[in-house]
Amino acid sequence: SSGINAEYGGYLAEELAKQRFDVTAIDPSEDMIRIATKHADKYPGELDLRYQCATVEEVTEQFDIVVSSEVVEHVPCVTTFVSQCAERVRPGGGLMFTTINRTIQSWLFAIMLAENVAGLVPPGTHEYHKLVPPHTLTGVIADCGFDVMTVTGLNFNPLTRQWSTSSDLSINYAVTAIKRESDDDIDIEDDYDSR
């Protein structure tokens, strides 16, 4: 299967390629692409993996799967970004987003503790008002002609630096969806970003 790792040219692309996906990873930052390419050089000839300095709107081809991890909470318009990702998925293909919910828990753990106390990410990485609640993200995805399949909580253990899944959506979560074969019912709305 072919897949695109949308606007995040990091280690996730390598992990997908190790699972025998044919991966195109994109990121608008030349520095990120250079770092990711250098890291992937540890596996010469082993991975079907290409890095491209581009935004998702600049990519013209379609893929079996599009994955966007920890990006949607940084974009200026959620509806526009999700619809651009959705357009890159072939009918019957899959779409996956991981992001951060907009809750008191996410403000405390993902912003205050992760950025300002533990230093897991640089201060100012996340803006609370840009965090995306699950109902907003799944609504946009459904309006793009997809059937939402799962909404799953993601828990990070800072001691082991490992992720696990759960039913708790209060901080990080993942959404998976399948593109309907027909685009007849697509109805993109413009007001999700204010919800």
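The coordinates are above.
Residues numbered from 1 in each chain as written. Predicted model: local features only at pLDDT ≥ 70, side-chain atom pairs only at ≥ 80, totals over all residues. Heavy atoms only, no water.

Visitor: What's the story with helix α3 (residues 78-87) in this structure? I'm lost.
Guide: An α-helical segment advances 3.6 residues per turn. Residues three or four places apart therefore align on the same side. Counting buried positions along α3 yields eight of ten residues, so the element is predominantly enclosed. When we look at burial in α3, the residues that qualify are Val78, Thr79, Phe81, Val82, Ser83, Gln84, Cys85 and Ala86. Elements in contact with the buried residues of α3: β4 (63-69), β5 (89-100), α5 (134-143), β6 (146-157) and β8 (172-179). (Buried < 20%, exposed > 50% of the residue type's maximum accessible area, 1.4 Å probe, protein only. Helix = DSSP H or I, 4+ residues; strand = E, 2+ residues; numbered from the N terminus. Contact = heavy atoms within 4.5 Å.)

Visitor: Sorry, what's going on with the side chain of Thr99 here?
Guide: Inspection of the secondary structure puts Thr99 in strand β5. Accessibility expressed as a relative area gives 0% for Thr99, which makes it buried. A distance of 2.7 Å separates a polar atom in the side chain of Thr99 from a polar atom in the side chain of Glu73. Residues within four places of Thr99 in sequence aside, it is in contact with Glu70, Val72, Glu73, Val132, Leu137, Ile171, Asn172 and Tyr173. (Polar contact = N/O pair within 3.5 Å; in protein donor to acceptor, adjacent residues only side chain to side chain.)

Visitor: Explain the layout of surface pockets here, please?
Guide: A probe matching the size of a water molecule, rolled over the atoms, marks out where space remains unfilled. Roughly 1400 Å³ of internal volume is contained in the largest pocket. Considering the residues around the largest pocket, the lining is formed by 41 residues, among which Glu70, Val121, Phe156, Trp163 and Asn172 are closest to the centre. Listing elements by their share of the lining of the largest pocket, those giving two or more residues are α1 (11-18), β4, β5, α4 (104-117), β6 and β7 (162-166). (1 Å grid on protein atoms, 1.4 Å probe; cavity = no way out; pocket = protein on both sides within 12 Å on 5 of 7 lines; lining within 4 Å. Points joined across faces, edges and corners; volume = space filled by probe spheres on them.)

Visitor: Sorry, what's going on with the nonpolar core here?
Guide: Generally speaking, a soluble globular protein has its nonpolar side chains buried in company with each other. Ranked by size, the top nonpolar core spans 25 residues in total, and within it Val72, Val82, Phe97, Leu137 and Ile141 carry the most contacts. The element that contributes the greatest number of residues to this core is α3, accounting for five residues. For Val82, the residues in contact, after removing those within four places along its chain, are Val72, Phe97, Leu137, Val140, Ile141 and Cys144. Core analysis: the next-biggest nonpolar cluster, separate from the first, contains ten residues, Ala17, Val23, Ile33 and Tyr51 among them. (Core = buried A, V, L, I, M, F, W, Y, C linked by side-chain atoms within 4.5 Å.)

Visitor: Looking at this structure, how should I read the packing of aromatic side chains?
Guide: Summed over all chains, the structure comprises two aromatic pairs. For the ring pair Phe81 and Phe97, a centre distance of 6.4 Å and an interplane angle of 65° mean the geometry is edge-to-face. Highlighted residues: Phe81 in helix α3 and Phe97 in strand β5, separated in sequence by 16 residues. Just as Phe81 is buried, Phe97 falls in that class too. A ring pair is formed by Phe156 and Trp163, whose centres lie 5.0 Å apart and whose planes are at 45°; its orientation type is tilted. (Phe/Tyr/Trp six-rings, centres within 6.5 Å; stacked < 30°, edge-to-face > 60°.)

Visitor: I keep staring at a nonpolar patch on the surface and nothing clicks. Help me out?
Guide: A cluster of nonpolar side chains, contributed by Ile104, Trp107, Leu108, Phe109, Met112, Leu113, Val117 and Tyr128, occupies part of the molecular surface with about 730 Å² of accessible area. Take Leu108: it is sitting in helix α4. (Patch = residues over 30% accessible without salt bridge, like charges linked within 9 Å, V, L, I, M, F, W, Y side chains within 5 Å. Areas by Shrake-Rupley, 256 points an atom, 1.4 Å probe, with all protein chains shown as cover. Salt bridge = Lys/Arg side-chain N within 4 Å of Asp/Glu carboxyl O.)

Visitor: Is there a simple way to explain α4 in this structure?
Guide: With 14 residues, α4 ought to run about 20 Å at 1.5 Å a step, yet its terminal C-alpha atoms sit only 17 Å apart, falling short of that. Those residues of α4 not exposed but buried are Ser106, Ala110, Ile111, Ala114 and Glu115. Along the axis of α4, the buried positions cluster into a sector of 105°, meaning they face one direction only. The exposed residues of α4 that point more than 90 degrees off its buried face are Ile104 and Val117. Considering only its buried residues, α4 is in contact with β5. Immediately downstream of α4, the backbone of Gly119 shows phi near 70°, a positive value. (Expected span 1.5 Å × (residues − 1). Arc of directions from axis to C-beta.)

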